[in-house]
Structures are given as C-alpha cells and as structure tokens.
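The chain contents come next:
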Amino acid sequence: MKRVITYGTFDLFHEGHVRILRRAKALGDYLVVAISSDEFNQLKGKKSVMSYEQRKEVVEAIRYVDLVIPENDWEQKIHDVQKYDIDVFVMGDDWTGKFDFLKDYCEVVYLPRTENISTTMIKEKLNKKIQ
Ligand code: C2G
C-alpha cells in the first residue's frame, strides 16, 4: 500500500485541483489531502471564498481522495508524513524546492501546474462580471 499526501487550500475547486489530485493518486494507492484551515490561510495571506468545512466537503467527494486532514501550520508536514506512513509527498511545481527537506522522510514529487486556471483567475472573472 503506497501512501501519498498533498497539501492545499482548494478554494473554488477547479480542474487544476482535480488534475493534481488525480496525478497524486496515480503515484500510489491511498491519497491523504491536507486542506489549509481558515486560520492557516490567513497566515498564508490567502482569504478563501469557501470555509474549511465547505472545501473539506468538496475534496472528500473527489474519487481520488481517501482521507482529508486539516493543515494548521507550516511545521506539521514531517509529523503528517510519519503519522500517516506516507511514501510520496506531492505538490504542484509552483512549490518546487520548497519542501525538499521532506526527502529525508519520503519521496518528494513536484508536478506541473495546470495552465490557464487558478482560484485567482476565477475571482477576477467574477469581479469583472459584477462591475
Ligand atoms: N494547482 C495546480 N494547477 C493549478 C492550480 C493549483 O496544479 N492551476 C495545484 C497547486 O500547485 C497545489 C494544489 O493544486 O499543489 C493546491 O493549490 P492551492 O489550493 O492554491 O494551494 P496552495 O495555496 O498552493 O497551498 O503547505 C502547502 C500549501 O498549503 C499549498
């Protein structure tokens, strides 16, 4: 049983999120997704439209996802990798290099981001429509 983990906000869920989760799951048999709490989002300087509970409900419904846990701080990743017996840590390549310290504990994989979609783009489109 190869176990994979990935982290993110997953606000306004879109195909970029689907594709990273699909590819992460394809690297193993069991996928854990750590979703940023509302408080941690503030720390990240992100204000999500959807609350943690809403984002959790959406991600839990994704066929590739086996378990959703909260991401409360930057420091929990080593603990999570050990607690959930993780073999592979996956992130989009906008994070390349940022989590290489995890290589002492598991495989670290950065996957290409999906082009032309982001939560920010969706918000900008909506704002234009309202104006
Ligand atoms: N992503 C992607 N393609 C996009 C948008 C996002 O592959 N067009 C990926 C990101 O690279 C990330 C995941 O989807 O791996 C979640 O993206 P966000 O919700 O923006 O999460 P982020 O703010 O990057 O949080 O500790 C790590 C952080 O919590 C990551």
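A look at the side chain of Ser48
For Ser48, the location among the structural elements is in the loop between α2 (38–44) and α3 (52–60). A polar atom in the side chain of Ser48 sits 3.4 Å from the side chain of Asn41. Within the structure, Ser48 has its side chain in polar contact with the backbone oxygen of Met50 (distance 2.8 Å). Aside from chain neighbours lying at most four places away, what touches Ser48 is Thr9, Asp11, Asp38, Asn41 and Arg55.

Things to note about the environment of Lys123
Relative to the elements of secondary structure, Lys123 occurs in helix α5 (residues 119–130). In this structure the C-alpha to C-alpha distance between Lys123 and Asp11, which are 112 residues apart in sequence, comes to 10 Å. Setting aside anything within four residues of it in sequence, one finds Lys123 in contact with Asp11, Leu12, Lys47 and Val49.

Remarks on the pairing of strand β2 (residues 30–36)
For β2, the buried fraction is high: 7 of the 7 residues fall into the buried class. Residue alternation in β2 divides its side chains into two sets, Tyr30, Val32, Ala34 and Ser36 and Leu31, Val33 and Ile35, and both sets are buried. Following the chain from strand β1 (residues 3–8) across helix α1 (residues 15–25) to the adjacent parallel β2, one finds a crossover that is right-handed. Both β2 and strand β3 (residues 67–71) contribute to a ladder of 5 bridges, which runs parallel. By the bridge assignment for β3, Ala34 is matched with Ile69.

Brief notes about the pairing of strand β4 (residues 88–92)
Taken across its 5 residues, β4 has 5 buried, putting it largely inside the fold. In this structure, β1 lies alongside β4, joined through 3 bridges in parallel fashion. Bridge pairing in β4 links Val4 to Val88. Bridge count for β4 against strand β5 (residues 107–111) is 5 bridges, and the pairing is parallel. Paired with Val90 across the bridge in β5 is Val109.

Here's the deal with the pattern of salt bridges
A complete count under the given rule lists 6 salt bridges for this structure. The salt bridge partner of Glu71 is Lys77, with a shortest N-O separation of 3.3 Å. Pair check on accessibility: Glu71 and Lys77 agree, each one buried.

A few points about the nonpolar core
One finds Leu21, Leu31, Val33, Val59, Val65 and Val90 to be the most contacted residues of the largest nonpolar core, which totals 18 residues. Put simply, the parts of the chain that give this core at least two residues each are α1, β2, α3, β4 and β5. Ignoring sequence-local partners within four residues, the contact set of Val59 consists of Phe10, Phe13, Leu21, Val33, Ile35, Val65 and Val68.

Conventions adopted
- Residues numbered from 1 in each chain as written.
- Predicted model: local features only at pLDDT ≥ 70, side-chain atom pairs only at ≥ 80, totals over all residues.
- Heavy atoms only, no water.
- Helix = DSSP H or I, 4+ residues; strand = E, 2+ residues; numbered from the N terminus.
- Polar contact = N/O pair within 3.5 Å; in protein donor to acceptor, adjacent residues only side chain to side chain.
- Contact = heavy atoms within 4.5 Å.
- Buried < 20%, exposed > 50% of the residue type's maximum accessible area, 1.4 Å probe, protein only.
- Right-handed = clockwise from strand over helix to strand, strands pointing away.
- Pairing = 2+ DSSP bridges.
- Salt bridge = Lys/Arg side-chain N within 4 Å of Asp/Glu carboxyl O.
- Core = buried A, V, L, I, M, F, W, Y, C linked by side-chain atoms within 4.5 Å.

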